[in-house]
Every structure is written in C-alpha cells, then in structure tokens.
Amino acid sequence: KELVGTNGYVDPEYVASGWVGPASDVYGFGVILLQMLTGIRRANPGVVMEIQNLIEVAIDRGSLTKDVVDKNVDDWPEELA
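Calculation notes
Residues numbered from 1 in each chain as written. Predicted model: local features only at pLDDT ≥ 70, side-chain atom pairs only at ≥ 80, totals over all residues. Heavy atoms only, no water. Helix = DSSP H or I, 4+ residues; strand = E, 2+ residues; numbered from the N terminus. Buried < 20%, exposed > 50% of the residue type's maximum accessible area, 1.4 Å probe, protein only. Contact = heavy atoms within 4.5 Å. Patch = residues over 30% accessible without salt bridge, like charges linked within 9 Å, V, L, I, M, F, W, Y side chains within 5 Å. Areas by Shrake-Rupley, 256 points an atom, 1.4 Å probe, with all protein chains shown as cover. Salt bridge = Lys/Arg side-chain N within 4 Å of Asp/Glu carboxyl O. Core = buried A, V, L, I, M, F, W, Y, C linked by side-chain atoms within 4.5 Å. Polar contact = N/O pair within 3.5 Å; in protein donor to acceptor, adjacent residues only side chain to side chain.

A.B. asks: Looking at this structure, I do not really get the overall build of the chain. What am I missing?
C.D. replies: Helix and strand counts for the chain come out as four helices and zero strands. For the chain, the sequential pattern of α-helices and β-strands runs α-α-α-α. Every one of the 81 residues in the chain was classed for burial, and the buried ones make up 27%. A sequence separation of at least 24 residues applies to 32% of the contacts in the chain between residues at least 6 apart.

A.B. asks: Help me understand a nonpolar patch on the surface, please; the structure alone is not making it clear to me.
C.D. replies: A cluster of nonpolar residues, Phe29, Ile32, Leu33 and Met36, forms a patch on the protein surface that exposes about 400 Å² of accessible area. Within the secondary structure, Ile32 sits in helix 2 (residues 22-38). Exposure remark for Ile32: the relative accessible area of 38% places this residue in the partly exposed category.

A.B. asks: Is there a simple way to explain the nonpolar core in this structure?
C.D. replies: Soluble globular proteins tend to pack their nonpolar side chains together in the buried interior. With five residues, the main nonpolar core is built from Val47, Ile51, Ile55, Ala58 and Val68. The residues touching Ile55, leaving out its near neighbours within four places in the chain, are Leu34, Leu64 and Val68.

A.B. asks: For this particular structure, what's the right way to read the side chain of Thr38?
C.D. replies: Relative to the elements of secondary structure, Thr38 occurs in helix 2. Reaching out from Thr38, the side chain makes a polar contact with the backbone oxygen of Leu34 at a distance of 2.7 Å. At 3.2 Å, the side chain of Thr38 forms a polar contact with the backbone nitrogen of Ile40. In this view, Thr38 contacts Ile51, Val68, Val69 and Asp70; residues no more than four positions away in its chain are not counted.

A.B. asks: What should I look at first to understand the environment of Val73 in this one?
C.D. replies: Structurally, Val73 can be placed in the segment after helix 4 (64-67). Residue Val73 is classed as partly exposed on the basis of its relative accessible area of 34%. Sequence spacing of Val73 and Gly39 is 34 residues, and the spatial spacing of their C-alpha atoms is 9.1 Å.

See below:
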C-alpha cells in the first residue's frame, strides 16, 4: 500500500527512503507550527527551506521574535519565545 501526502508536509526521509514512522508525523506537524508562527501559508519544499533558513539566521542573531514571527501580530509575548 502506497502512502501519499501533500507536498511540503511530507517528511523528506520518507520521500528519500520510503520509510515512515512517528518522526514523519512530527515533521508535518512542525511545518504547520512554523506556518502559524511565521504567517507563511504556502507549504512546499522551497518555502519550508526558506522558513528553516529564516529561523537559523534568527537563532544566530538571537532575534526570533523580531525576525521570525508573523509581523501582522503585534502582541507576541517575547519573554516566552
């Protein structure tokens, strides 16, 4: 039986090897959480990589709330980020 999934939410390990497990669900859920935090709606591999790069740069700068979170939300609790 072949598994199918939406491009951008599918675990890259599954795409490469055909192996699926609990980590595959965690990957897809993580993509959804990142979309919620960043306000970026469209999920495809290019956008997921863009979000990943954005977060890596923000972590290096120590500026998650300034550089990553959705700028349309003006009351993010910075002390919890």
